[in-house]
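# Remarks on the overall topology
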Amino acid sequence: AMAAGADATALKNTLKAKDVRVVICLGRQGMQAAEALVNEFGVVVGGVAAVPEAEVRDMSVISLSPDPALLFGTLKSMVPTARRVNVVYDPRQNGWLIRLAREAARQHGLELVAEEARDLKTAVRLYQDILAGANPERDVLWLPQDPTTVEDGAVLPMVLRESWERRLPVFSSSFGHVKRGVLFSLYPDNVGLGRNLAGSAMDLLSSADGASRGVAPLKDVQTAVNLRTAKHLGLKL
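This section reports on the structure supplied with the text. No experiment lies behind these values; they were computed from the predicted model shown. Within every chain, residues take consecutive numbers counted from 1 along the sequence as written. Restriction of local features to residues with pLDDT of at least 70 applies here, the model being predicted, together with a cutoff of 80 or more for giving and counting side-chain atom pairs; totals for whole chains, interfaces and linings are based on all residues. The basis for the side-chain values is all heavy atoms of the structure; hydrogens and waters are excluded.

### With respect to the overall build of the protein chain
The condition is simple: Numbering goes from the N terminus for both helices and strands, where a helix is a DSSP run of H or I of at least four residues and a strand is a run of E of at least two. The atom set for the radius of gyration is the C-alpha atoms, and the globule formula is 2.2 Å times the number of residues raised to the power 0.38. Partly exposed describes any residue whose relative accessible area lies between the buried limit of under 20% and the exposed limit of over 50%, with all areas from a 1.4 Å probe on protein chains only and scaled to the type maximum. Residues are treated as being in contact if the distance between any of their heavy atoms lies within 4.5 Å. Note on areas: Shrake-Rupley, 1.4 Å probe, and residue coverage restricted to the protein chains presented here. Two residue types count as positive, namely Lys and Arg, and two as negative, namely Asp and Glu; His and chain ends fall outside the count. Note on charges: their place is set at NZ of Lys, CZ of Arg, CG of Asp or CD of Glu.
Each helix and strand in the protein chain was counted, giving nine helices and 10 strands. Its C-alpha atoms give the protein chain a radius of gyration of 19 Å, within 12% of the compact-globule value 18 Å for 237 residues. A principal-axis box enclosing the C-alpha atoms of the protein chain has dimensions of 60 × 35 × 30 Å. When each of the 237 residues of the protein chain is scored for burial, the buried share is 49%. In the protein chain, 73% of the contacts between residues at least 6 apart in sequence involve partners at least 24 apart. Counting every atom, the protein chain has about 11700 Å² of accessible surface; 49% of that belongs to carbon and sulfur. Here the protein chain carries 28 positive and 26 negative side-chain charges, and the mean point of each set is 5 Å from the other.

### Quick word on the side chain of asparagine 86
Under the convention used in this document: Think of a polar contact as two N or O atoms within 3.5 Å of one another; within protein, one of them needs to be a possible hydrogen donor and the other a possible acceptor, and neighboring residues in sequence only count if both atoms come from side chains.
The residue asparagine 86 is located in strand β4 (residues 84-89) in this model. Residue asparagine 86 is classed as buried on the basis of its relative accessible area of 8%. Polar contacts involving the side chain of asparagine 86 include one to the side chain of aspartate 139, which spans 3.1 Å.

### Notes on the sheet that holds strand β5 (residues 111-116)
Rule in force here: In short, DSSP must find at least two bridges between two strands for them to pair. All axes here are fitted lines through C-alpha atoms, helices being fitted over the stretch that makes contact, and every angle between N-to-C directions spans 0 to 180 degrees.
Taking strand neighbours across the sheet as the criterion, the six strands line up as β5-β4-β6-β7-β8-β10 in an open arrangement whose pairing is mixed. Each end of this open sheet is capped by a strand with a single partner; those strands are β5 and β10 (221-225). Direction aside, neighbouring strands of the sheet carry axes that sit 20 degrees apart on average. Where β4 and strand β6 (residues 139-143) come together, four bridges link them in parallel fashion. For valine 87, the partnering residue across the bridge sits in β6 and is tryptophan 142.

### Describing the packing of helix α3 (residues 68-78) against helix α4 (residues 91-107)
The cut-off we apply is this: Note on angle classes: values under 35 degrees are labelled roughly parallel, values over 145 roughly antiparallel, values of 65 to 115 roughly perpendicular, and the remainder oblique. Crossings are classed by handedness, with left-handed meaning an anticlockwise turn of the near helix from the far one by less than a right angle and right-handed meaning a clockwise turn. Residue type decides the class: Asp, Glu, Lys and Arg count as charged, Ala, Val, Leu, Ile, Met, Phe, Trp, Tyr, Cys and Pro as nonpolar, and the leftover types, Gly among them, as polar.
One way to put it is that α3 packs onto α4 with a least axis distance of 8 Å and a crossing angle of 40 degrees. Between α3 and α4, the angle is such that the two are oblique. Helix-helix and strand crossings are classified by hand; for α3 and α4 the assignment is right-handed. When α3 is examined against α4, the residues Pro68, Ala69 and Phe72 are found in contact with a partner set consisting of Leu97, Leu100, Ala101, Ala104 and Ala105. Counted by class, the contact of α3 with α4 contains eight nonpolar, no polar and no charged residues.

Now the structure itself:
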């Protein structure tokens with residue numbers, strides 16, 4: 001377990017004494033510790049949500065953000081009439097995710113309308129525009145794991161209130177939002193995620209030039225659904 005401000009040098013010495021070659025770092029504290037280890041060990045990171053790409057170029061990171069392909073597949077099974085997915089995101093946090101989402105949208109016959117916002121004020125304005133112009137017969141709204149644009153105090157209550165009144169489907173990458181009223185979310189299957197992290201560590205250990213580095217989405221998932229919201233939207237699940 002890593003405490004805040006732990007001694008990186010002592011950690012390195014401990015790992016070397018045990019002949020460790022690859023380290024799996026979990027959570028935000030783990031990722032901070034990993035920054036001091038990447039030059040001497042293979043590093044796999046898990047258990048983190050929004051991850052700026054610039055911070056993890058030398059690591060292999062499995063994000064807690066669900067794979068857009070899985071999200072969109074679940075969406076199509078629940079809301080077959082969905083044609084356009086609207087999302088507001090901070091490119092510094094989720095540029096990598098939106099690139100994946102564009103390809104996933106094409107594969108599922110969806111149009112992705114992705115709006116950039118680098119501050120909360122811009123995000124609120126974009127949400128207001130989306131909610132005012134959305135057609136519930138074909139539009140849906142996706143809330144990614146994004147600390148800039150998906151803020152629980154101002155953004156989420158507004159989105160939930162307006163979408164409920166307009167019967168607009170909203171899905172989220174955050175499990176906790178389902179209790180608040182979004183239609184569904186995908187969340188980690190912890191056993192599957194553990195296997196995936198271990199597999200990534202073994203890849204790093206066995207690969208001469210190291211396994212793929214950078215950030216990847218969560219593929220080991222379970223589904224949470226708000227049945228009250230589904231009923232309100234007239235969906236038969």
